[in-house]
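This is what each chain is made of:
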Amino acid sequence: MTRPPLLRLEGETLAWDGAAVLSGVSLSLARGERLVLLGRSGSGKSTLLNAIRLGLEAQHPAPRLALVPQDPGLVPQLSVFHNVWMGRLDDHSALHGLRVLLHPPAAARAQADGPIARVGLNGFARRRVGSLSGGQKQRTALARALLRGGDALIADEPVSAVDPRQSGDLLEALRDRFETMVLALHDPARALAIGTRIIGLGAGRILFDRPARELSLQEIHALYEA
Ligand SMILES: Nc1ncnc2c1ncn2[C@@H]1O[C@H](COP(=O)(O)OP(=O)(O)OP(=O)(O)O)[C@@H](O)[C@H]1O
């Protein structure tokens, strides 16, 4: 028996302050898909990602989501551990969360160690996030998502600040953790390597929505030309 899609959008117009960014947006998202959004800067990748997130959050029951926004919303004054552990804050009462943040117990530190190591931040758990490089901050946000887990990951250019070798490894870590992913990426080769399905955006609409295995790099590069 096929399971119903997690989300279906039908002929939607996505707009900010009344100005349409994307028109005629129709898509469905099934469990197990790794959907990658590609397009030039300003083509609407974040806008579509946001609409997908809102659509998923409106479901009953809503799937558990892990989010990696473009601005990852880390707290610079707090340590890597604290920021990573915040991925689980809503799993506990506010009081328990505060207690862990004030006096992290060994068990909480141990839970965060795996994701911190997986993103290559071994030995950084006690470092203040404000003292990290851009790529290290981005990896902290990825560790937070890995610790959180969930039914789907929604991530906006989650590896834009790390070098190409690391970015492939980090995307694999996300793939191993999340059955379903929706990613905005700016690297077509990475998109083809990680995605099961690619949506190309341009001219205020979805230009194509196709299985990754059917797409060539040349077809994707056309999105960025002229
Ligand atoms: N919060 C917002 N408020 C108003 N307009 C916005 C907002 N976010 C995006 N836009 C507008 O929507 C359009 C598409 O932006 P969006 O961020 O979705 O593109 P993108 O493809 O993700 O770009 P980039 O690759 O540069 O991140 C742009 O014209 C942008 O100015």
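Reading the values: rules and limits
- Residues numbered from 1 in each chain as written.
- Predicted model: local features only at pLDDT ≥ 70, side-chain atom pairs only at ≥ 80, totals over all residues.
- Heavy atoms only, no water.
- Helix = DSSP H or I, 4+ residues; strand = E, 2+ residues; numbered from the N terminus.
- Buried < 20%, exposed > 50% of the residue type's maximum accessible area, 1.4 Å probe, protein only.
- Contact = heavy atoms within 4.5 Å.
- Areas by Shrake-Rupley, 256 points an atom, 1.4 Å probe, with all protein chains shown as cover.
- Core = buried A, V, L, I, M, F, W, Y, C linked by side-chain atoms within 4.5 Å.
- Domains from an automatic or database assignment.
- Salt bridge = Lys/Arg side-chain N within 4 Å of Asp/Glu carboxyl O.

**Here we look at the overall build of the protein chain**
Right, so step 1: Helix and strand content of the protein chain: eight helices and eight strands.
Right, so step 2: In terms of overall dimensions, the protein chain has a C-alpha envelope of 50 × 40 × 40 Å along the principal axes.
Right, so step 3: Within the protein chain, buried positions represent 46% of all 226 residues.
Right, so step 4: When contacts within the protein chain are restricted to residue pairs at least 6 apart in sequence, long-range pairs at least 24 apart make up 64% of them.
Right, so step 5: Roughly 11100 Å² of accessible area belongs to the protein chain as shown, and the carbon and sulfur atoms make up 52% of that amount.

**Comments concerning the nonpolar core**
Right, so step 1: One finds Leu153, Leu183 and Leu185 to be the most contacted residues of the largest nonpolar core, which totals 46 residues.
Right, so step 2: In terms of residue count, the dominant contributor to this core is helix α5 (residues 134-148) (six residues).
Right, so step 3: Split by domain, this core shows at least three residues from each of two domains, domain 1 (1-64 + 150-226) and domain 2 (73-149).
Right, so step 4: The contacts of Leu185, once residues within four sequence positions are left out, are Val36, Leu37, Leu38, Lys45, Pro158, Val159, Leu171, Arg190, Ala191 and Ile194.
Right, so step 5: Residues Leu14, Leu29, Leu48 and Ile206 belong to the second largest nonpolar core, which totals 23 residues.

**Description of the pattern of salt bridges**
Right, so step 1: For the coordinates displayed, the defined rule picks out nine salt bridges.
Right, so step 2: Between Glu219 and Arg210 there is a salt bridge, with its nearest N and O atoms 2.9 Å apart.
Right, so step 3: The class of Glu219 is partly exposed, set by a relative accessible area of 33%.
Right, so step 4: Salt bridges sharing common partners tie together Glu33, Arg197 and Asp209.

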